[in-house]
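Okay, here's what each chain looks like letter by letter:
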Amino acid sequence: MMKKTTFLVSLCMFAAFGGAAADGDSQWINYIDTNNTSGACPITAAYDANSVYWLTCAGTAGEDSGLDVMYNGDVLFQGSKTTSASANQNVCLVKMDKATGEKVWAVYSNSGETWTNQNGVVPTNDGGVIMVLRMRHSLGYESKPVNFVDAKGESHNVEWSCGDNRYNALVAVKLDKDGAIDWTRLYDVDHTFNGKHVAASVDLLSVVGDDDGNVLIAGRYVMPIHFPNADGSETVIKPDNMDRQSGDFTQQDNGDMFLVKLDPNGYFVDNFASKGVVMKGSIQKMILADNAIYTLGFMRGVAGEKCDFGGFTIEPLPDVFNIVVAKFNTDLDVQWVSVWNGERDATYNANVIQNVNICKAGGNIWVGGMGNGKFYDSATNVEVCSVNKQREGYLFKASAADGHLVNATASNKYNPYANKTALLGCFGAIQNPAGTGHVYTYGYCWSVNPAPFYVHAFDAETLAYNADCSFDLITGTTTTVYDLVYDPAEGVAYYVGRCKGTPAPKGHEAGQKAVNWKGFIGKALLPADMKASTNSIATVELTGGVDVIPGIGCVNVVNNGDDTMVNVYDITGRRAASVNVAADTETTVELRAGVYIVNGKKLLVR
């Protein structure tokens, strides 16, 4: 019955999209489901010119039954056996066609376990992807290697033994364009401290790729991590404040932030680490824009102690969460760092921030998150504070020039739902890459039945809520949000979450209730101001007699001057191609259809 229901919903969506489509209307939606109550947890998605990559974890339980993982009602694979009373979380990566949502291939693990929100996927220049995952062995099967099955049906073991005590480490997997596994890498983590076993000693919180095919990973670690080098040796990074740690890692108050660059083959290149005493430091999210890395993190300071953050001295306040935003160049040198101090609210003595994301748009930095308490920038005197016991949604606007706060608001000022004190989780904010038009937050509102997956519009200057331009992406069933991935070239979003039952994407009937959680990914239209402008010119003239002319599936470079390097960027600011053109020659650079930027001017490749 589930298979038929999903198929009919998909048909309705395509039919609706064939008519007059409105903001938030879904073009397609897909589901992953299992037979146990933990169900599936969608983690994130990424896209390239033609494909979407959906990374999820799906829970299976038991040793002989309950191992099926379903995709749109059909069995996709069987997950790992486990003796755990809860489910074993299996890795699942699905490649889909961007236009139709049709599955192209799938890759999965059937031995070993991953974590929700502790993984990432990056498309590569050769049409494949790299996954980086936080993993451990399956409970009761510690002697069985962590294993992946690629799209060709080939099994690949990770060379990793945990002995009698399983622990967390990081694993990278490279897939080619057809879903075959090219290689795997283990980034092992020390797991004993003063004779104590340390099971959870690393949080992998953000994974992105740069213009040169490198992969950047970031998060929090409390024990040394071992990275292989290309020459066969290894580099070990160690937390700076480890000497002051008690070894009681269950309190989760220890740890430093890390930001590591890996080359396209998964080998270590470089690392940034904060130096100083911090009770808890982490990089939660990062983005690449304009050939720079923007990071969003948390720090809890120690009274009287300062921290050297890449040459900048900061002093995060003790015993509270402080928000730390920073800009790095691609060599991981810090360009600026800004601390937004935390403070407990007067009524509930609460200070927490979670589920955050960061966006760079024009000269703006946007941060969305959910939590309680007051956050302020002492340099600009901009502040925002919650008033409710339930967690509220925050929206922060900062300058991309220095990271200082320009404006901020919280959901107690605008909550559009009937229950004004309900938990309103904001998971991030997006704006057109040019920094024009509205800014949109996304998240969910609990204590509203059924809980919607919303997109809320705000004036980008005043942060006034605009009800007329806001909408719910998903209604009809209990829903939680994991991520929303914005594609400015198409003006669409790929949204991921999970629900109990089949949800109702905007413009469609409510779905069916269910006991188990199922994961979903959908593609939805965004308002017109979220589509990057395609106003383009026929030819870009560079200095020295170089012309760049768009064609069908390419740009043509005509050089009537001296030897020159021509860089081509996509609409998000990532370098799509770089070519050295000799004097008095012509060359063709193959590109997928889309809008590209050369020397600050837009070209439309068809």
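Above: the structure in question.
Being a predicted model, the structure only gives us computed values, none of them experimental. (Residues numbered from 1 in each chain as written. Predicted model: local features only at pLDDT ≥ 70, side-chain atom pairs only at ≥ 80, totals over all residues. Heavy atoms only, no water.)

*Asks:* Now, about the overall build of the chain: what can you tell me, with residues and values included?
*Replies:* Summing up its helical and strand segments, the chain has one helix and 50 strands in all. The buried share of the chain, reckoned over its 606 residues, is 58%. When contacts within the chain are restricted to residue pairs at least 6 apart in sequence, long-range pairs at least 24 apart make up 60% of them. About 23100 Å² of surface is accessible on the chain, with carbon and sulfur atoms providing 46% of the total. (Helix = DSSP H or I, 4+ residues; strand = E, 2+ residues; numbered from the N terminus. Buried < 20%, exposed > 50% of the residue type's maximum accessible area, 1.4 Å probe, protein only. Contact = heavy atoms within 4.5 Å. Areas by Shrake-Rupley, 256 points an atom, 1.4 Å probe, with all protein chains shown as cover.)

*Asks:* Which residues make up the sheet that holds strand 32 (residues 382–385), and what values do they have?
*Replies:* A sheet is described by the order of its strands in space; here six strands give the open sequence 23-24-27-28-31-32, paired in antiparallel fashion. Each edge of the open sheet carries a strand with a single partner, namely strand 23 (278–289) and strand 32. Neighbour to neighbour, the strand axes of the sheet diverge by 20° on average, direction disregarded. Pairing of strand 23 with strand 24 (residues 292–301), which is carried by 10 bridges, proceeds in the antiparallel orientation. In the strand pairing of strand 24, Val278 is matched with Gly301. (Pairing = 2+ DSSP bridges. Axes fitted to C-alpha atoms, helices over the stretch in contact; angles between N-to-C directions.)

*Asks:* Break down the pattern of salt bridges for me, citing the residues and quoting the values.
*Replies:* If you walk through the whole model with that rule in mind, you get 13 salt bridges. The salt bridge involving Lys374 is made with Glu383; its shortest N-O contact spans 3.3 Å. On the basis of relative accessibility, which here comes to 18%, the residue Lys374 falls in the buried class. Here Glu490 makes a salt bridge to Lys523, at a shortest N to O gap of 3.0 Å. Within this pair, whereas Glu490 is found in the loop between strand 39 (479–487) and strand 40 (492–500), its partner Lys523 is found in strand 42 (residues 517–525), the two being separated by 33 residues in sequence. (Salt bridge = Lys/Arg side-chain N within 4 Å of Asp/Glu carboxyl O.)

*Asks:* Summarise unusual backbone geometry; cite the residues concerned and give the values.
*Replies:* Phi at Asp290 takes a positive value of approximately 55°, unusual for a residue other than glycine. In this structure, Asp290 sits in the loop between strand 23 and strand 24.

*Asks:* Summarise the environment of Tyr47; cite the residues concerned and give the values.
*Replies:* Here Tyr47 lies in strand 2 (residues 40–47). Counting along the chain gives 49 residues from Tyr47 to Met96, while the straight-line C-alpha distance between them is 9.4 Å. Here the side chain of Tyr47 touches Tyr486 through a polar contact of 3.2 Å, landing on its backbone oxygen. (Polar contact = N/O pair within 3.5 Å; in protein donor to acceptor, adjacent residues only side chain to side chain.)

*Asks:* I'd like a rundown of the side chain of Asp345, residues and numbers included.
*Replies:* Here Asp345 shows up in the loop between strand 28 (334–343) and strand 29 (352–361). In this structure Asp345 is buried but unpaired, with Arg344 as the nearest side chain of opposite charge at 7.8 Å. From its side chain, Asp345 meets the backbone nitrogen of Tyr348 in a polar contact 2.6 Å long. Setting aside chain neighbours within four positions, we find Asp345 in contact with Ala350, Asn372, Gly373, Cys385 and Ser386. (Lys, Arg positive; Asp, Glu negative; His and termini not counted.)

*Asks:* Could you give me a rundown of the packing of aromatic side chains, with the residues and numbers involved?
*Replies:* Aromatic ring pairs: the centre-centre distance and the angle between the two ring planes describe each pair. The full count for this structure, using the stated rule, is 23 aromatic pairs. Measuring from centroid to centroid gives 5.8 Å for Phe298 and Phe321, while their planes differ by 85°, and the two rings are edge-to-face. Of the two residues, Phe298 sits in strand 24 while Phe321 sits in the loop between strand 26 (312–314) and strand 27 (322–328), which places them 23 residues apart along the sequence. Neither Phe298 nor Phe321 differs from the other in exposure class; each is buried. Across the ring face of Trp517, the terminal group of Arg498 is positioned such that the distance to the ring centre comes to 4.5 Å. (Phe/Tyr/Trp six-rings, centres within 6.5 Å; stacked < 30°, edge-to-face > 60°. Lys NZ or Arg CZ within 6 Å of the ring centre and 35° of its normal.)

So far we have only geometry, and geometry alone does not tell us how the molecule works.
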